[in-house]
Amino acid sequence: ARDEASKEVSEADRRHQQVLRDCERLEAQLAQMRKEEASKSDGAGDAAWMQSEVDRLRAASADMWRDLAGERAENSDLKEELTDARKAMREAEGQARCATEKLS
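Summary of the structure given here. (Residues numbered from 1 in each chain as written. Predicted model: local features only at pLDDT ≥ 70, side-chain atom pairs only at ≥ 80, totals over all residues. Heavy atoms only, no water.)

**Observations concerning the overall build of the protein chain**
Line of reasoning, step 1. Across its full length, the protein chain carries 1 helix and 0 strands.
Line of reasoning, step 2. Computed over C-alpha atoms, the radius of gyration of the protein chain comes to 44 Å, more than 25% over the 13 Å expected from 2.2 N^0.38 for 104 residues, which places it beyond the range of a compact globule.
Line of reasoning, step 3. Projected onto its principal axes, the C-alpha positions of the protein chain cover 150 × 15 × 10 Å.
Line of reasoning, step 4. The proportion of buried residues among the 104 residues of the protein chain is 0%.
Line of reasoning, step 5. When the accessible surface of the protein chain is summed, it comes to about 9,600 Å², and 55% of that surface belongs to carbon and sulfur atoms.
Line of reasoning, step 6. A gap of 3 Å separates the mean positions of the 19 positive and 25 negative side-chain charges of the protein chain. (Helix = DSSP H or I, 4+ residues; strand = E, 2+ residues; numbered from the N terminus. Rg over C-alpha atoms; globule rule 2.2 N^0.38 Å. Buried < 20%, exposed > 50% of the residue type's maximum accessible area, 1.4 Å probe, protein only. Areas by Shrake-Rupley, 256 points an atom, 1.4 Å probe, with all protein chains shown as cover. Lys, Arg positive; Asp, Glu negative; His and termini not counted. Charge placed at Lys NZ, Arg CZ, Asp CG, Glu CD.)

Printed below as a string of structure tokens:
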């Protein structure tokens, strides 16, 4: 009975050691899988962040082009006003010369 109990203890100890090795192996696999999953999700997070930055920059670019078009239109309007003012000034100078000549 003692030999049989000793064999059972020895077998239990062997199975316990095997379970410990399996547990360590599975923990290592789990850690590796978590690491891989984290790198995948970080990559996905990076990709999502990058896409949001691209979208933000596109929107900003569209706003800048719209602002630039508005500035060009305003510049064109100001040039027309300046041309009209110069024309009016030349006409006023001409009328002033005529009036001065008539007085002389």
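**Side note on a negative patch on the surface**
Line of reasoning, step 1. A contiguous patch of negative charge on the surface is contributed by Asp67, Glu71, Glu74, Asp77, Glu80, Glu81 and Asp84.
Line of reasoning, step 2. Structurally, Glu71 can be placed in helix α1 (residues 2-103). (Patch = residues over 30% accessible without salt bridge, like charges linked within 9 Å, V, L, I, M, F, W, Y side chains within 5 Å. Salt bridge = Lys/Arg side-chain N within 4 Å of Asp/Glu carboxyl O.)

**A closer look at the pattern of salt bridges**
Two side chains of opposite charge can pair, provided their charged atoms sit close to one another.
Line of reasoning, step 1. If you walk through the whole model with that rule in mind, you get 5 salt bridges.
Line of reasoning, step 2. A salt bridge links Glu11 to Arg15; its shortest N-O distance comes to 4.0 Å. Placement of the pair is Glu11 and Arg15 together in helix α1, with a separation of 4 residues, close to one helical turn.
Line of reasoning, step 3. Looking at Glu11, the relative accessible area reads 31%, which means it is partly exposed.
Line of reasoning, step 4. We classify Arg15 as partly exposed; its relative accessible area is 47%.

**Side note on the environment of Glu81**
Line of reasoning, step 1. Tracing the backbone shows Glu81 in helix α1.
Line of reasoning, step 2. Along the backbone, Glu81 and Glu4 are 77 residues apart, and their C-alpha atoms lie at a distance of 113 Å.

**So, the environment of Val54**
Line of reasoning, step 1. Topologically, Val54 is positioned in helix α1.
Line of reasoning, step 2. By relative accessible area, which is 30% here, Val54 ends up partly exposed.
Line of reasoning, step 3. Separated by 29 residues in sequence, Val54 and Arg25 place their C-alpha atoms 43 Å apart.

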